[in-house]
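Residues per chain are reported as follows:
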Amino acid sequence: MINMQIRLIAVMGVVLLMIGCGSLGSRTTPAPVEEAGKADNPEQRITVAPIPATRISPPKIALVAPPQSGSALANLRLSALQQMRAGKYTGAAATLERALRIAPRDAIIWQQLAVVRLRQQKWRLALNMAAKSNALAGDKRPVRQNNWRIMAEAYRALGNTAKANDAMQRAR
Amino acid sequence: MPRKRSRKRKTTRKKKKSPFLRKWLSRLLVVGIIFGGLYVLYLDYTVRSQFEGKRWSLPARVYARPLELYAGLTINPNNVIREIKKIGFQKNSRLNTPASYWRTGNDIHLVTREFEFWDGVERAKKVSIRFSGNEVVSLRQHGSGAEVDLVRIEPVLIGGIYPAHKEDRLLVQLSDTPDILAKTLFAVEDRDFYSHHGVVPRAILRAMWVNLRAGKTVQGGSTITQQLVKNFFLNRQRSLVRKINEAMMALLLELHYEKEEILEAYINEVYLGQSGPRAIHGFGLASHFYFGRRLNELNLSQIALLAGTIKGPSYYDPRRHPKRATKRRNLVLKLMYEQGLINKRRYQRAKQRSLQLVPKPRASASEYPAYLDLVSRQLRRDYRDEDLRSEGLQIFTNFDPHIQWQAESSLKKTITSLEKQRKLPAKKLQGAVVVTSSDQGEILALVGGRDVRQGGFNRALDAVRPIGSLIKPAVYLTALDSQDYSLASMLDDSPLTLDLGGGESWRPANYDKQYHGEVLLRDALIHSYNVSTVRLGLQLGMNSIASTLKQLGVQRSVHRFPSLPLGTAAFSPIEVTQMYQTLSASGFRSPLRAIREVLDVKGTALQRYPLTVEQVFSPESIYLVNSTLQSVVEEGTARGLKHSLPEGMLVAGKTGTTDDLRDSWFAGFTGSHVAVVWLGMDDNRAARLTGASGAMRVWGSMMRGIHTQPLALIPPADVAEQWIERKSGLRGNDDCEDTVVLPFIKGTAPKQYAECAGGAFADTVDGFLNIFGTDD
């Protein structure tokens, strides 16, 4: 009997609440932002599987002129490198974009960005970034060679062996 | 008798019915208790669900790019000051408060605030920036003198995307508010805050008594909790029912929540001012609105002023009624002194201070409506409108205030002077400007019309107009990329009549009403010859030109009539900008982006819009087009631009003029920026301006004012230069009268020598030498 009453009260309460909520219209709680759950940590958003060692040999691509601290540009490159080492590729890309705002035609920054994208297995983007670096490299041979290596690796991953081999040839 | 009987009957009936009535009464009582209980339950649910859920609809806040300072940066120190003032920095020679600055000679000293960016917190710093002219030469820690490599200053807030009810607030946590704020609020609004249970009957009775005697409402007996309930849950109407609801909800609120939570909600809820349609709520926003400072940066008299405003934000509006507001503030200070919150010295000093207000911020949602419009359109692709208006998202953009200011003033000044010079109808000439970075496609500035602060028709995005000769680089790129043509190919610029069918024909004409016979392909582009371009277009086919436009990034489909190569297709300024961005970036297309990152209200990253590039043309083909566009400014239709640019500032660009001088266009790029300007009339009447006499002047004046890099084109490895005789398009040398040095993709340069350079004989010698392996 008491249970019944409680249930009755509860049901009526719910009805009243529904009426009440209707009249309070503008204060209703909207749905959360769609992307909210995905990105507690910016790094989690782009989930990058570690590159299996069997498929792709450990990075042959060393960065040309490893950054040294001192200038704003060098320090940004350095922190991007640290982020890369920690597997924080999204952060590394953002840091390199900051560097590009200081020096938008720096072939080496574009190359480092290409390496980040390569590590993220964003092959097409890596290819394009390396090509961009090449377009800006002028006669800097080591930079160009490195770009061809990046492109070779990206082509290989995309299954385009002919282009991968061609790029490897050019890297020599 | 009958009366008596009846009475008797009545009494008997009464007697009889008494248990029945009592039964009903008790049932009624039970039902009453149940409903009363239910009602309390309902109130309780309302209080809890709303207090625990999302309490407020928070507008999205849109920020400019942060200013990054480093040695070697070119920037006008006045612009640095102008920008930091927008964030609320104040002059202070002692540099002992956050967000203060001091300028001495070539140095600007700054105390920055801590700010949370997408990639982490930028700590507060005290730095000295040394300038030499417009260049930052060093950045040092103030005091120690240690070098600092990079300082990122918090970004300027450029607008908000507001909820429908236009309530705006900036949430603060109680722990982030100055202690004196809460104490002041208690002193003024609710002395017994920490001891009551939400309602103080004694205070209500006292208020009633005072009001009754006065015959009107002069005193409120509401506690802070009741005021919160009133603002938070109830409507503004005054009635007894509402009063009862208010009291019950106040009790319930106190039952469930800590005093601190209630106080924090109150600090964020309370209404403190009005800016046009926008209601200023909470102390966090009010402190920006009135003083341009963060809440924890306010001094005693500023806090007293805000606390005093609660009673009547309109009546005590310090901007409209400074005397009234000062009086009120001083009353608050007096209360504080009397209650022992401050000593006499502080009281006296605070009383003496001015109101320290900043000028009233603009009432509209943004000072930069065109850019904000672009941002919200880009956001609407990924977020629901409702979320943008309520979730308190933080949007970080590429907006560059310095470039925006320059674009705005160049457009306004040029339009005004053109109207005067050319006696155009007043206030009719309109315009739009888009500026992006070359290699990244970041949209840095956007002007949507001559009234730059006014929203409405956003011409930069929505004025879809024929682009005239701005299309020509796409036509010539199609030709050069096929490698069937080179810059030295000869084009026919003699009269042309096209049969359009149905007895109609079309005779394209040049702007100078003349025909130029055989011309070099590069000259046809430099001088923007129409007839030869139409012939070239017919040879290439309209489909291939359309496909080039698409590759360059123009999404809109175009018609395929023979007039396409003359730009009878209509695009918006931003679409044209995308096209020229791809050219400026050596054929690497980057989708134009306004937004960098989106964070939620707590600073958690939701989304980043990263830099992407796609190579859509070979750097070689683009190099040929770009070096020709550079010649357009050196010797072609845009040569007038050279005079308005600083010495050595190499740029590439193209003028565009449409039929009857309706549209005046200029699109061009430096080594670091792409900009497109359009001038014309909204009703499509003739603006009587060519690309060079209108839009190009805006472009030049703007580029002169921003810090940009000269365009240094890097010749790709497969490109080599060669002397060409203009008349024949063949190889020339010193002996020829009219020659030009042109770049060629290897294998596409003419092999034959011109008559002046030895003709057939030289060809033979060359062929002979080639046997021995000499190569060009």
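For the structure itself, look to the data block above.
Below: a short report on this structure.

Here is what the cut-offs are and how they apply
- Residues numbered from 1 in each chain as written.
- Chains lettered and ligands numbered in written order.
- Predicted model: local features only at pLDDT ≥ 70, side-chain atom pairs only at ≥ 80, totals over all residues.
- Heavy atoms only, no water.
- Helix = DSSP H or I, 4+ residues; strand = E, 2+ residues; numbered from the N terminus.
- Rg over C-alpha atoms; globule rule 2.2 N^0.38 Å.
- Buried < 20%, exposed > 50% of the residue type's maximum accessible area, 1.4 Å probe, protein only.
- Contact = heavy atoms within 4.5 Å.
- Areas by Shrake-Rupley, 256 points an atom, 1.4 Å probe, with all protein chains shown as cover.
- Lys, Arg positive; Asp, Glu negative; His and termini not counted.
- Charge placed at Lys NZ, Arg CZ, Asp CG, Glu CD.
- Pairing = 2+ DSSP bridges.
- Patch = residues over 30% accessible without salt bridge, like charges linked within 9 Å, V, L, I, M, F, W, Y side chains within 5 Å.
- Salt bridge = Lys/Arg side-chain N within 4 Å of Asp/Glu carboxyl O.
- Axes fitted to C-alpha atoms, helices over the stretch in contact; angles between N-to-C directions.
- Parallel < 35°, antiparallel > 145°, perpendicular 65-115°, else oblique.
- Nonpolar A, V, L, I, M, F, W, Y, C, P; charged D, E, K, R; others polar.
- Phe/Tyr/Trp six-rings, centres within 6.5 Å; stacked < 30°, edge-to-face > 60°.
- Lys NZ or Arg CZ within 6 Å of the ring centre and 35° of its normal.

1. Comments concerning the overall build of chain B
Helix and strand content of chain B: 24 helices and 32 strands. Radius of gyration (C-alpha) of chain B: 37 Å, far over the 28 Å computed for a compact globule of 776 residues. Each principal axis of the C-alpha distribution contributes one length, and for chain B these read about 150 × 80 × 55 Å. Evaluated residue by residue, chain B yields a buried proportion of 55% over its 776 residues. Of the contacts formed within chain B by residues at least 6 apart in sequence, a portion of 69% connects residues at least 24 apart. Entry remark: accessible area of chain B is about 35,300 Å², with carbon and sulfur atoms responsible for 52%. Considering chain B, the positive charge centre built from 109 side chains and the negative charge centre built from 78 side chains are found 23 Å apart.

2. A look at the pairing of strand E14 (residues 278-281) of chain B
Residue and element names in this part refer to chain B. Both faces of E14 are covered, namely the face carrying Arg 278 and Ile 280 and the face carrying Ala 279 and His 281. Judged from the 3 bridges that link them, strand E12 (residues 167-169) and E14 form a sheet pairing that is parallel. Across the sheet, Asp 168 pairs through a bridge with Ile 280, a residue of E14. Pairing geometry for strand E13 (residues 271-275) and E14, over 4 bridges, is antiparallel. Bridge pairing in E14 places Gln 274 opposite Ala 279. Hairpin connection between E13 and E14: a loop of 2 residues separates the two successive antiparallel strands, and Gly 276 in this loop has a positive phi of roughly 60 degrees.

3. With respect to a nonpolar patch on the surface
Taken together, the side chains of Phe20(B), Trp24(B) and Leu28(B) present a nonpolar region at the surface, about 360 Å² in accessible area. Within the secondary structure, Trp24(B) sits in helix H1 (residues 2-52).

4. Things to note about the side chain of Ser586(B)
Residues and elements named next belong to chain B. Mapping Ser 586 onto the fold places it in the loop between helix H20 (573-584) and strand E24 (588-589). A relative accessible area of 18% places Ser 586 in the buried class. What Ser 586 contacts, discounting residues up to four positions off in sequence, is Phe 617, Pro 619 and Ile 622.

5. Digging into the packing of helix H3 (residues 72-85) of chain A against helix H5 (residues 107-119) of chain A
All names here are of chain A. Interhelical geometry of H3 versus H5 gives an angle of 10 degrees and a closest axis separation of 11 Å. Comparing the axis directions of H3 and H5 gives the class roughly parallel. For the pair H3 and H5, contact is made by Leu 73, Arg 77, Ala 80, Leu 81 and Met 84 and by Ile 108, Ile 109, Gln 112, Val 115 and Val 116, respectively. Across the contact of H3 with H5, the residue classes break down as 8 nonpolar, 1 polar and 1 charged.

6. Looking at the packing of aromatic side chains
Residues and elements named next belong to chain B. Applying the stated criterion across every chain, the model contains 19 aromatic pairs over all chains. Measuring from ring centre to ring centre gives 4.9 Å for Tyr 337 and Tyr 347, while their planes differ by 5 degrees; the resulting arrangement is stacked. Pair noted here: Tyr 337 is in helix H10 (residues 322-338) and Tyr 347 is in helix H11 (residues 344-352), with a separation of 10 residues, a long-range link. A relative accessible area of 30% places Tyr 337 in the partly exposed class. With relative accessibility at 8%, the residue Tyr 347 sits in the buried group. On the numbers, 4.9 Å between centres and 75 degrees between planes, the contact of Tyr 371 with Phe 399 is edge-to-face. Placement of the pair is Tyr 371 in helix H12 (residues 369-380) and Phe 399 in the loop between strand E15 (394-397) and helix H14 (401-421), with a sequence separation of 28 residues. Here Tyr 371 matches Phe 399 in class, with each residue buried. In this structure an aromatic cluster arises from ring pairing among Phe 51, Trp 56, Phe 232 and Tyr 257. Taking NZ or CZ as reference, Arg 27 lies 5.4 Å from the ring centre of Trp 24, over its face. Directly above the ring of Trp 405 sits Arg 82, whose terminal nitrogen or CZ lies 3.7 Å from the centroid.

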